[in-house]
Structure formats: C-alpha cells, structure tokens
Amino acid sequence: MPVKWIVLGLAILMYTLIVIFPEKKSWSALGAALVMILIRAIGTEDTFLSLIHEAGTELINWSVLMIFVGSLVIAELFIYSRVPAVIADTLVLKSPNVGIAMVLILIMTGLISAFVENVATVLVMAPIALALCSKLKLNPMYFMTGLAVMANLQGTATLVGDPPSMIFADFSGYGFNDFIFYQGKLSIFFAVQTGMIAGAVYFYCIFAKDGGQKVNVEQEKILSMVPSWLLILMIAGLAAASFVYGGISLASGLIVVILAVAGLVWYRWVRNESAAKVLELVKNLDWDTTFFLVGIFVAVGAVSSVGLLDDFAVLLFRIIGTNVLLGFILIVAVSVIISGFVDNVPYIIVMLPVAAALANDLSLNPELYMFALLVGSCMGGNLTPFGASANVVTVGMLRKQGVKMNFAQWLKIGLPFTVLTTFFSALFVWVVWR
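Owing to the predicted nature of the structure, the values given are computational and were not obtained by experimental measurement.

1. Quick word on the overall build of the protein chain
From N to C terminus, the protein chain includes 20 helices and two strands. In summary, the protein chain has a C-alpha radius of gyration of 22 Å against a globular reference of 22 Å for 434 residues, a match within 12%. Based on the C-alpha atoms only, the size of the protein chain along its principal axes is roughly 70 × 55 × 45 Å. Residues classed as buried in the protein chain amount to 56% of the 434 residues present. At a minimum sequence separation of 6, the contacts of the protein chain that also span at least 24 residues come to 78%. By element, 68% of the accessible surface of the protein chain is carried by carbon and sulfur atoms, the whole surface being about 18,400 Å².

2. Observations regarding the environment of Ser425
Among the structural elements, Ser425 can be located in helix α20 (residues 407-433). Residues Ser425 and Asn344, spaced 81 residues apart in sequence, show a C-alpha to C-alpha distance of 18 Å. Filtering out sequence-adjacent residues up to four positions away, Ser425 remains in contact with Ala191, Val192, Gly195, Val375 and Met379. At a separation of 3.4 Å, a polar atom in the side chain of Ser425 contacts the main-chain amide nitrogen of Gly195. At 2.9 Å, the side chain of Ser425 and the backbone oxygen of Thr421 are in polar contact.

3. Some remarks on helix α14 (residues 287-305)
With 19 residues, α14 should reach 27 Å at 1.5 Å per residue; the first-to-last C-alpha distance of 27 Å fits that figure. With respect to burial, α14 is a largely interior element, 14 of its 19 residues being buried. Once α14 finishes, Gly307 follows within two positions and takes phi at roughly 95 degrees, a positive value.

4. Brief notes about the packing of helix α9 (residues 163-172) against helix α18 (residues 366-379)
Viewed as axis vectors pointing N to C, α9 and α18 meet at an angle of 165 degrees, and their least axial separation amounts to 11 Å. When the axes of α9 and α18 are compared, the pair comes out roughly antiparallel. Like other packed secondary-structure pairs, α9 and α18 cross with a definite hand, here right-handed. Across from Pro164, Phe168, Phe171 and Ser172 in α9, the residues of α18 making contact are Met370, Phe371, Leu374 and Cys378. Its residues placed into classes, the contact of α9 with α18 shows seven nonpolar, one polar and no charged.

5. Structural notes on the nonpolar core
Counting residues in hydrophobic clusters, the biggest one holds 157 residues, and the most contacted among them are Ile105, Phe143, Phe203 and Tyr369. It is helix α4 (residues 62-80) that provides the largest number of residues to this core, a total of 13 residues.

6. Digging into the packing of aromatic side chains
The full count for this structure, using the stated rule, is 19 aromatic pairs. Look at Phe168 and Phe179: their rings are 5.9 Å apart centre to centre, the planes differ by 85 degrees, and that puts the pair in the edge-to-face class. With Phe168 in helix α9 and Phe179 in the loop between α9 and β1 (181-182), this residue pair connects regions lying eleven residues apart in the sequence. The class of Phe168 is buried, set by a relative accessible area of 0%. A relative accessible area of 1% means that Phe179 is categorised as buried. Centroid distance Phe189 to Phe190: 5.4 Å. Interplanar angle 90 degrees. Geometry classified as edge-to-face. You can call Phe190 partly exposed: its relative accessible area is 25%. In this structure an aromatic cluster arises from ring pairing among Phe168, Tyr174, Phe179, Tyr182, Phe371 and Trp433. Just above the ring of Trp5 sits the side chain of Lys4; from NZ or CZ to the centre is 5.9 Å.

7. Concerning a nonpolar patch on the surface
Together, Ile337, Phe341, Phe386, Val392 and Phe407 make up an exposed nonpolar region whose accessible area comes to about 470 Å². As for its position among the elements, Phe386 is in the loop between α18 and α19 (389-400).

8. Observations concerning the pattern of salt bridges
For the structure shown, the criterion picks out one salt bridge. The shortest N-O distance in the salt bridge between Glu273 and Lys277 comes to 3.3 Å. We classify Lys277 as partly exposed; its relative accessible area is 38%.

Definitions and limits used
Residues numbered from 1 in each chain as written. Predicted model: local features only at pLDDT ≥ 70, side-chain atom pairs only at ≥ 80, totals over all residues. Heavy atoms only, no water. Helix = DSSP H or I, 4+ residues; strand = E, 2+ residues; numbered from the N terminus. Rg over C-alpha atoms; globule rule 2.2 N^0.38 Å. Buried < 20%, exposed > 50% of the residue type's maximum accessible area, 1.4 Å probe, protein only. Contact = heavy atoms within 4.5 Å. Areas by Shrake-Rupley, 256 points an atom, 1.4 Å probe, with all protein chains shown as cover. Polar contact = N/O pair within 3.5 Å; in protein donor to acceptor, adjacent residues only side chain to side chain. Expected span 1.5 Å × (residues − 1). Axes fitted to C-alpha atoms, helices over the stretch in contact; angles between N-to-C directions. Parallel < 35°, antiparallel > 145°, perpendicular 65-115°, else oblique. Left-handed = near helix turned anticlockwise from the far one by under 90°. Nonpolar A, V, L, I, M, F, W, Y, C, P; charged D, E, K, R; others polar. Core = buried A, V, L, I, M, F, W, Y, C linked by side-chain atoms within 4.5 Å. Phe/Tyr/Trp six-rings, centres within 6.5 Å; stacked < 30°, edge-to-face > 60°. Lys NZ or Arg CZ within 6 Å of the ring centre and 35° of its normal. Patch = residues over 30% accessible without salt bridge, like charges linked within 9 Å, V, L, I, M, F, W, Y side chains within 5 Å. Salt bridge = Lys/Arg side-chain N within 4 Å of Asp/Glu carboxyl O.

Encoded structure:
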C-alpha cells in the first residue's frame, strides 16, 4: 500500500479519536505523528533519531509554541491582578442601565480575549456575570453563553488571541501588525470587529427587556498593575518584532517568553507568593494544547509531504470551477459546520495551504480565501456547547449553579450569534479583499 494512503488513514483515525476523546487530544496527535515518523512519511533521513531531529527543526514551529505558552503565563498573571474584574465593575457603575452594562461587559470580555486565552477570560468574568444575574434575579444562561461566544469570537482578531491565529500567521508570514493592516487594507482584526458589533446588537436585544434598571456593585481593588504592563509590553514587543522581522520570528517568541519569566519572578519574589503557588500556576497552564500543537505540526507536515493536500485542492477546484463566490461561501460554511463539532486547530492547519492553492488557481488575492477559512473555523466553535473549550467550561459552571443547559438550549443562543457574526465578518472580508 502506498505511504500516501496509510497517512490518510492515520489522519482520519487521529481526527476520529480527537472527536471521541477530546480530553486526550494531545495523545491522539502525538501518537499519529510518531507513527508517521516511523513509516518515513516525512523527511529524507535514514535513522529514526535523524527523522525526529528533522521533524523538530523543520515541522514544529517553536516560535509559535513560545508565544502560546508565554502568553498563557502573562494571561494568568493579568487575571490574578484583578484588573479585568475592576474594569467590569466600573462599567456596571458607569452605565445608564444594566442592559447596556451587560453588553459592555461582553464587549470587554471579547477584547480581553483578543490577548488572553479564552477559557481564562471566561473564568475571570463569570463570577461578575453570575453575581449580576443573581441581583437581578435573571437566568444566567444568556449572559454566561455570551461571555463564551464573545471570547471565542475575538480570539481570531490578533496573533496571540488563539492557536489558529498563530498557525495562520506562521503559514502566511503575518506579523502582529499585519492582523490590523496588510498591504494597505484593513485586515482580519476589523473583520472580527464587524462581527462583534453584530453580536453586541444581538445580545442587547436579548438583555434590553430585563436590563432597564440600574444596579450598584461593590467594586474590587486592583492588586497590581505590573501584569497589565507585561501585557502591554508583550503587544508592543510583538508589534516591533513584526515591523523589524516580519511574520512570527524567533525574536517574537523570545520577547513573550522573557516577559513571562519576568512575570513569574515578580509573582514569586515581589508578591511573595510561595514556590508552590508558582509551580501550581505553571502546572495549570494549557499543556495539553501545547503538546497537541507539537503533534499536529508533525502529522499535518506528513499529510502535506505525501501530496494529500495537493490532491484535496484539486478536488475542491473541480467542485468550485471558476465561481469565486461559490468557493468563498463553501469555505466559510464548511468551516463553520466542521469547527462546531471538531477541534479547529488540525482543520485550519490542513486547510490553509488548500485555501491558498485555490486562490492561486483562481488568480485571487490569497487573503480572500484564507480569511474566509479563519473566520469560519474560529466562529464555528460558537455553534455548539462543545465547539470550543470556553463553551464546555461555561456549561459546567452553569451546572454548578443549578442551571442545566442542553444542546438545544445552547443552539438557540449560539446559532443566531454564529450566523450573524460570521455573515458580517465574511461580508467585510469579501468587500475589502475581493
């Protein structure tokens, strides 16, 4: 049997295991990667150790991993500082009524999530949302779901927002600044903000009927502004590295890691937190996704190496023909549906070269189809209660409050939100990049 078909079978098996056992996704990806190395599906070296070295140096993007892990540390410290909670309390106190305050909190949650891991953002904002709903005697289902979907939405907006954005940046050679402006045009950041406005209007229509009153809250106190400065320095450092080097560079990864280490030193020696607390913070980082990315880099590298991605691009080109709009709609719609049920990281790694190849065959700007893929695959996670980790956490937190949320109830909120935000974001991409 040709190696190509063995690799295809392994890739299908990996995806199936990721769907069935999402909590073991790193094992599925690493296992598939190891087998692909053993059958010599990647590289040109002869020995197993040489193939491992080749995979580690040519397929795994260590700069992406450094940015991912470093930004997780800074995000944890930012939450520890209580700055997000204080901002949310201020919004409630300054808003003319609770309906507007709730929408502003959702917008703020999304904007924070553009720079902070989605689950962490939801965890820090959830107590505020639950307390507000308790005071107003409201069912927290809509507000809590809003936190999750807004966090997922904005994860697409910046290079550090979510792993798919980092993977996109690595593939396309984008730096931090390119997510905002690229080739003199408004980039993916503004496409996401267009969707965010539609999502904010959607939730305001929901909250307006119950949120006409004004409520007072007891404002929390900021523990320290140091994590906020670390976050600002990370953004500025990535922007500077993007300007100097372009794309995701080793300098980008080192900047984020150095700031993360500085944050841990501050946490231990300035805040006088115990060594056990520091170890707990590091231990509780999302290591599963980190190792998952390692496995996916290698596995998808093998899929590409044996020519399967080229075959898939040819198949899609036959379906689409010369109909550019059909291709655009197909990429967005399929990405939304698949990402509502399957982890979007392996999907986007596989599809990015396919989307770029399709655009090239049709003599299009590659951003048209690549942005369509990014919008659909990231926003599709809002469709179902298990489409994104933040959704799963939200449903679990609601359950602890005695509120059971089933698939149909999530779909009632998530489906209109996903359709609206995806439509307006995709429309922006089509108008600007066609």
